[in-house]
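Single-letter residue listing:
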Amino acid sequence: MAVLLGDSGDENYFVREIEKNDGCCLQMKQCSTGDVGCVVWDAAIVLCKYLETRQFYEPQNGVNKWANKRVLELGAGTGIVGLMAATLGAHVTLTDLEDLQRLLQINIRDNKALVSSGSIAAKVLKWGEDVTEFLPPPDYILMADCIYYEQSLEPLVKTLRDLAGPETCVICCYEQRTMGNNPEVEKQFFQLLLQHFRSEKIPEESQDPEFSSPDIHILHLYPLA
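Residues numbered from 1 in each chain as written. Predicted model: local features only at pLDDT ≥ 70, side-chain atom pairs only at ≥ 80, totals over all residues. Heavy atoms only, no water.

- For the protein, the name recorded in an unreviewed UniProt entry is Protein-lysine methyltransferase METTL21D, with Anguilla anguilla as its organism.

In structure tokens, the structure reads:
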């Protein structure tokens, strides 16, 4: 569902609804104009729904691996992935550049009612720079479709190394793209990443049965000892 509306100014937003397994809906505003972080990408939705799969969240059987966990989302954009984790009970910090903070705050405000036992906040984090204020290491780092600019690859891997502790699990979801220099950028990213992290690919059968795609991959990344 997409609706065009205004919000306290001349900037327009599209609203996209993402239904949770409990029937509640995240109401995500997207900018009608702007850079890559202004819209909800398919990989973000696939990752959102993966967080709700039974291995993580099956409250009727007492399973909730998100409860009270410290979660940090990199390149949060609209904030949809981190918001999903917060609604499941995690304490989440959404991070992105300064120009995405307004959109993040709007989406936090609009979905706050769905966050009960968890918590949600947004902060500026530029990849490659100091991460002291985000330490100690989170339990989980979430990232959806963050592999696209060649010049950002080394700073992104540095930030992952600086943030991740021995017990941190990085959950990375990305869409494999074949146009232009995308394959080369993806190759360079994994060459850098796998010097410092072990990668475990999550099969489609372990993902949400409706929200998955052969072109969208989910990886669990663990720091090398």
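Observations concerning the sheet that holds strand S7 (residues 91-96)
And step 1. Taken in spatial order, the seven strands of this open sheet run S8-S7-S6-S9-S10-S12-S11, and their pairing is mixed. Pairing within the sheet leaves two strands with one partner each, and these edge strands are strand S8 (119-124) and strand S11 (197-201). Averaged over all neighbouring strand pairs, the angle between strand axes comes to 20°, with direction disregarded.
And step 2. Direction of pairing for strand S6 (residues 70-74) relative to strand S9 (residues 140-144): parallel, over a ladder of four bridges. Residue pairing in the sheet places Leu 72 in a bridge with Ile 141 of S9.
And step 3. Where helix H3 (residues 101-111) meets the sheet, its contacts fall on S7 and S8, and the angle it forms with S8 comes to roughly 170°. (Pairing = 2+ DSSP bridges. Helix = DSSP H or I, 4+ residues; strand = E, 2+ residues; numbered from the N terminus. Axes fitted to C-alpha atoms, helices over the stretch in contact; angles between N-to-C directions. Contact = heavy atoms within 4.5 Å.)

Overview of the pairing of strand S10 (residues 169-175)
And step 1. When you tally the buried positions in S10, you get six out of seven residues, the bulk of the element.
And step 2. When S9 meets S10, the two strands line up parallel, connected through five bridges. Across the sheet, Ala 144 pairs through a bridge with Cys 173, a residue of S10.
And step 3. After leaving S9, the chain enters helix H4 (residues 153-163) and then returns to the sheet as S10, a path that is right-handed.
And step 4. Of the strand pairs in this sheet, S10 and strand S12 (residues 216-223) are connected by six bridges, and their pairing is antiparallel. Across the sheet, residue Val 170 finds its bridge partner in S12, namely Leu 221. (Buried < 20%, exposed > 50% of the residue type's maximum accessible area, 1.4 Å probe, protein only. Right-handed = clockwise from strand over helix to strand, strands pointing away.)

Some words on the side chain of Thr 159
And step 1. In this structure, Thr 159 sits in helix H4.
And step 2. Those residues in contact with Thr 159 that lie beyond four places of it in its chain are Leu 74, Leu 125, Trp 127, Gly 128, Glu 129 and Val 131.

Regarding the pattern of salt bridges
And step 1. In this structure the tally under the stated criterion is eight salt bridges.
And step 2. Between Lys 49 and Glu 52 there is a salt bridge, with its nearest N and O atoms 2.9 Å apart. In this pair, the class of Lys 49 matches that of Glu 52, namely buried.
And step 3. Here Lys 158 and Asp 162 are joined by a salt bridge, their closest N and O atoms 2.7 Å apart. (Salt bridge = Lys/Arg side-chain N within 4 Å of Asp/Glu carboxyl O.)

Side note on the packing of H4 against helix H5 (residues 182-193)
In a pair of packed helices, the angle between the axes and the distance between the axes together describe the arrangement.
And step 1. Taken N-terminus to C-terminus, the directions of H4 and H5 make an angle of 35°; their axes are 10 Å apart at the nearest point. When the axes of H4 and H5 are compared, the crossing they make is right-handed. Mapping the contact onto sequence places Leu 153, Glu 154, Leu 156, Val 157 and Leu 160 in H4 and Val 185, Gln 188, Phe 189, Leu 192 and Leu 193 in H5.
And step 2. Looking at the contact of H4 with H5, its residues break down into eight nonpolar, one polar and one charged. (Left-handed = near helix turned anticlockwise from the far one by under 90°. Nonpolar A, V, L, I, M, F, W, Y, C, P; charged D, E, K, R; others polar.)

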